[in-house]
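The lines below spell out each chain.
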Amino acid sequence: MYGVITSQQTTDCYSYACKLMIEILGNVKINQIVKSHQPKIESYLHRNYDNKNTINIRVRNIMQFLNWCVDMEYIDKLPFKIPQIKVKPNTKTWIKPEELDLILSALDCEVVKAYVLVAYHTGLRLRELNTNPSDKAYRGLYHTLKRVQTNGVKYYQIKVRGKGGKVEKIILPDELKPAYDKMISVVHHPTTYSKKFKDACIKVGQPHLRFHDIRHSFCQNQSLETTDALLLQLKMRHSSLSTTQNYLNDTQLKWTKQVESLKVIA
């Protein structure tokens, strides 16, 4: 009925936009949405969401869906354009080890703790922590684990199918295996893990942090241990070095690297 959409994420976006607009405007026909509906949508979003970034995401969902309706000729033109709210960029994404311990102490679910620990020490994205390729909630991202031997040394090898279908291999440290086993013992929807992590961050006074900042922190922690930019890029599984460098913008990290540099010289 609606043409071919290959991305599950895009499908989810349009589906969410439909449900949201039905909730706000009622079940009206798409060609009956008009300019006068815009303030009603904006008022609903500001009333129900405190976070400006969340409001911007909802707005993008709605506008992407309406643009698609124009492309598919369900409507002649956009009924309105809702502007994005200007948000001050978040310059603190690095979760230090002691801060992670505090966040973990606020989590009451051992499985979620295991997810956080594995992500923090491997750099895996939330959906890459999945082990079931057929679980649609994880959008085709997953990994497998096996024991391998290289140069006479045995390691746990994680084979990741990540963004864009790219397949890469990284190491799971042996000391993380108990947490890994706990992690795969119970499976929830990925938003359950991100929400519980966010709730824990709020409890300890770090409301700006998201689950994805765990991956940022892995990169930033690794940058304190190695000056090999290529090695860091490989561990993060980035397609370009410039992408890796984008993660290293935390003001705390810049100062810490200067201090660490002095220690090396000394």
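Everything discussed here concerns the structure shown above.
Here goes a summary of the coordinates provided. (Residues numbered from 1 in each chain as written. Predicted model: local features only at pLDDT ≥ 70, side-chain atom pairs only at ≥ 80, totals over all residues. Heavy atoms only, no water.)

Let's shift gears to the side chain of Thr 226. Looking at the element boundaries, Thr 226 is found in the loop between α8 (213–223) and α9 (229–236). Take Thr 226: its relative accessible area is 19%, and that puts it in the buried class. A polar contact is formed between the side chain of Thr 226 and the backbone nitrogen of Asp 228, at a distance of 2.9 Å. (Helix = DSSP H or I, 4+ residues; strand = E, 2+ residues; numbered from the N terminus. Buried < 20%, exposed > 50% of the residue type's maximum accessible area, 1.4 Å probe, protein only. Polar contact = N/O pair within 3.5 Å; in protein donor to acceptor, adjacent residues only side chain to side chain.)

Turning our eyes to something else, we now look at the sheet that holds strand β1 (residues 142–150). Across the sheet, three strands lie side by side as β1-β2-β3; this open sheet has antiparallel pairing. The sheet terminates laterally at β1 and β3 (167–172), the two strands that pair on one side only. Geometrically, the sheet is characterised by an average inter-axis angle of 30° between neighbouring strands, direction not taken into account. Pairing analysis gives six bridges linking strand β2 (residues 153–161) to β3, with the strands arranged antiparallel. (Pairing = 2+ DSSP bridges. Axes fitted to C-alpha atoms, helices over the stretch in contact; angles between N-to-C directions.)

What follows covers the pattern of salt bridges. Summed over all chains, the structure comprises eight salt bridges. Note that Asp 12 and Arg 139 form a salt bridge whose closest N and O atoms lie 3.8 Å from each other. One end of the pair, Asp 12, is in helix α1 (residues 8–25); the other, Arg 139, is in the loop between α5 (110–122) and β1, with 127 residues separating them in the sequence. With a relative accessible area of 31%, Arg 139 lands in the partly exposed category. Ionic pairing is found between Glu 128 and Arg 125, a salt bridge with its closest N-O pair at 2.6 Å. Accessibility classification places Glu 128 together with Arg 125 in one group, the buried group. Salt bridges sharing partners connect three or more residues here, namely Arg 125, Glu 128 and Arg 237. (Salt bridge = Lys/Arg side-chain N within 4 Å of Asp/Glu carboxyl O.)

A few words on α8. Judged by how many residues are buried, α8 sits mostly within the fold: 11 of 11 residues are covered. Turning to α8, its buried residues number three or more, namely Asp 213, Ile 214, Arg 215, His 216, Ser 217, Phe 218, Cys 219, Gln 220, Asn 221, Gln 222 and Ser 223.

Below, the discussion takes up the nonpolar core. Proteins that are soluble and globular tend to have nonpolar side chains buried together. Ile 95, Val 116, Val 118, Leu 129, Phe 197, Phe 211 and Ile 214 are the most contacted members of the largest nonpolar core, which totals 36 residues. Only α4 (97–105), α5, β2, β3, α6 (177–185) and α7 (190–203) provide two or more residues apiece to this core. Ranked by residues supplied to this core, first place goes to α5 with eight residues. Among all residues touching Phe 211, those that are not within four sequence positions of it are Tyr 115, Val 116, Ala 119, Leu 126, Leu 129, Tyr 193, Ser 194 and Phe 197. (Core = buried A, V, L, I, M, F, W, Y, C linked by side-chain atoms within 4.5 Å. Contact = heavy atoms within 4.5 Å.)

Next up on the list: the environment of Thr 243. Considering the arrangement of structural elements, one finds Thr 243 in helix α10 (residues 241–246). Each C-alpha atom of the pair Thr 243 and Gln 233 lies 8.4 Å from the other, and the pair is 10 residues apart in sequence. Polar side-chain contacts of Thr 243 include one of 2.9 Å to the side chain of Ser 240.

This next bit is on the packing of α5 against α6. It is at 8 Å that the axes of α5 and α6 come closest, and there the two elements cross at 125°. Taken together, the axes of α5 and α6 are oblique relative to one another. The way α5 lies across α6 gives a crossing that is left-handed. Residue-level contacts link Glu 110, Val 111, Ala 114, Tyr 115, Leu 117 and Val 118 of α5 to Ala 179, Tyr 180, Lys 182, Met 183 and Ser 185 of α6. (Parallel < 35°, antiparallel > 145°, perpendicular 65-115°, else oblique. Left-handed = near helix turned anticlockwise from the far one by under 90°.)

In this structure, Ile 30 sits in the loop between α1 and α2 (38–48). Classification of Ile 30 as partly exposed rests on a relative accessible area of 25%. Between the C-alpha atom of Ile 30 and that of Leu 45, which follows or precedes it by 15 residues, the distance is 20 Å. For Ile 30, the residues in contact, after removing those within four places along its chain, are Phe 65, Leu 66, Cys 69, Tyr 74 and Ile 75.

Of note, Glu 73 is a non-glycine position whose phi angle comes to about 65°, a positive value. Within the secondary structure layout, Glu 73 lies in the loop between α3 (52–71) and α4. Of note in the backbone geometry, Arg 139 takes a positive phi value of approximately 55° without being a glycine.

Scope: geometric values only; no functional claims are made or implied.
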